[in-house]
Amino acid sequence: MYTQINAIIIAKLFWEDLEMKQNLGRLAAAAVMATGITGAAAAQDYPYRDITTAVVWGAGGGTDTINRMIMAEMEKHLPVSINVINQTGGVAGSNGMVYVMNQPDDGYTLVGLSESNVTAAVQGGWDKKFDFWYPFIVGGSPDLISVPADSPYNTLEELVDAAKAAPGTIPAAASGAGSIHHLNLLAIEKGSGAEFKFVPYKGSAPGQEAAIAGEVALVVTSLAEQAPLIEGGQLKPLAMLTPEDAQIAGATVPSAFGIYDGLDQYLPLKQAIGFAVHSSAGDDVKAALGDAFEQAIASDTVAEWAAANNYDVGGQHGEEAQELFANLEATFAYTLQDLGAATVDPASLGIAQP
């Protein structure tokens, strides 16, 4: 009797032990699978989720327009979408740069920027050199000075003479303080001896709208940004801020260089519009973005867009673009200092004089 009961107890314990081991085995297998899945997710190639590009200038301006165009083209060569937002404000677009700087350097938040942002540091917008960024340059368009279509000024000389007669009273829009358009306005003042009343706006589009509305007497922005307004009869171009004339709306816009000899000391200052990722981002991030960027730049879409919108295509990225921006940073920083518009000594930031 006891032997039979002991046999039953032993058998029950055996099967319970076997079942427990099987359950532990299943749990171990599940754990291994879970670990494998997690590891696979962590090892996914960049990018595996959508990217956001924060443009530091306002919607509708040149930097915004170029970024929306190039991001749409780059999406064709990436497995994810790229969302473009605007993060404006601050000195020389510093709000947007600080916003992206504070995001992880994993390549999922890019900054849409332009050459004008290299002046943020010397104007106190932030305390970093521009080599914080690893940039991609799409291209740029030359600047010109224009007035509202009903303006009494028909030549640059007439406008400058009026400014000399009443210094600091003629309002001028040139995007934000420290932008390339602002520097070109300062260069016109220095080269011609005129003094305007600078009125900053959050981007080129608002400044141009202000000129059309009569809030300001003149506007300095790029040919690409002004062309539709000139062709539509809303703005009247007076002079290109480059050594060459330009053809627009069936008319020749003369170079300011042929009007005032002193301009070649400060001009031309040319655009370099594009986007950037943290310099500290991984090589895989830079490679993936670089591959998509190169394919986008080489496309017929970009070539046709540039020709139709008065842009010169750049296509530089990585070290080449960093070197170009370093030269712009030095040129802009010391130009601002020479013009009395820098609040921080470039040398204190480690920016060498060009």
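S.K.: What should I look at first to understand the packing of aromatic side chains in this one?
M.R.: Summed over all chains, the structure comprises eleven aromatic pairs. Its end group placed over the ring of tyrosine 108, arginine 49 keeps NZ or CZ at 3.9 Å from the ring centre.

S.K.: What is the right way to read empty space enclosed by the protein from this model?
M.R.: One simple way to see leftover space: roll a probe sized like a water molecule over the atoms. For the structure shown, the criterion picks out three cavities of 30 Å³ or more. Roughly 120 Å³ of internal volume is contained in the largest cavity. Of the residues belonging to the lining of the largest cavity, the class tally is two nonpolar, twelve polar and three charged.

S.K.: How should the sheet that holds strand β8 (residues 218-222) be read in this particular structure?
M.R.: Two pairing modes exist for strands in a sheet, parallel and antiparallel, and in both the strands are linked by backbone hydrogen bonds. A sheet is described by the order of its strands in space; here five strands give the open sequence β7-β6-β8-β5-β9, paired in mixed fashion. Two strands in the sheet have a free side with no partner beyond their single neighbour: β7 (197-199) and β9 (235-240). Neighbour-to-neighbour, the strand axes of the sheet open up by a mean angle of 30 degrees, direction not taken into account. Pairing between strand β5 (residues 143-148) and β9: five bridges, direction antiparallel. Looking across to β9, one finds that isoleucine 145 is bridged to alanine 239. Sheet strands in contact with helix α6 (residues 204-213) are β5, β6 (171-173), β8 and β9, and its direction is about 150 degrees off that of β8.

Parameters at a glance
- Residues numbered from 1 in each chain as written.
- Predicted model: local features only at pLDDT ≥ 70, side-chain atom pairs only at ≥ 80, totals over all residues.
- Heavy atoms only, no water.
- Phe/Tyr/Trp six-rings, centres within 6.5 Å; stacked < 30°, edge-to-face > 60°.
- Lys NZ or Arg CZ within 6 Å of the ring centre and 35° of its normal.
- 1 Å grid on protein atoms, 1.4 Å probe; cavity = no way out; pocket = protein on both sides within 12 Å on 5 of 7 lines; lining within 4 Å.
- Points joined across faces, edges and corners; volume = space filled by probe spheres on them.
- Nonpolar A, V, L, I, M, F, W, Y, C, P; charged D, E, K, R; others polar.
- Pairing = 2+ DSSP bridges.
- Helix = DSSP H or I, 4+ residues; strand = E, 2+ residues; numbered from the N terminus.
- Axes fitted to C-alpha atoms, helices over the stretch in contact; angles between N-to-C directions.
- Contact = heavy atoms within 4.5 Å.

Interpretation in functional terms is not warranted from these geometric data alone.
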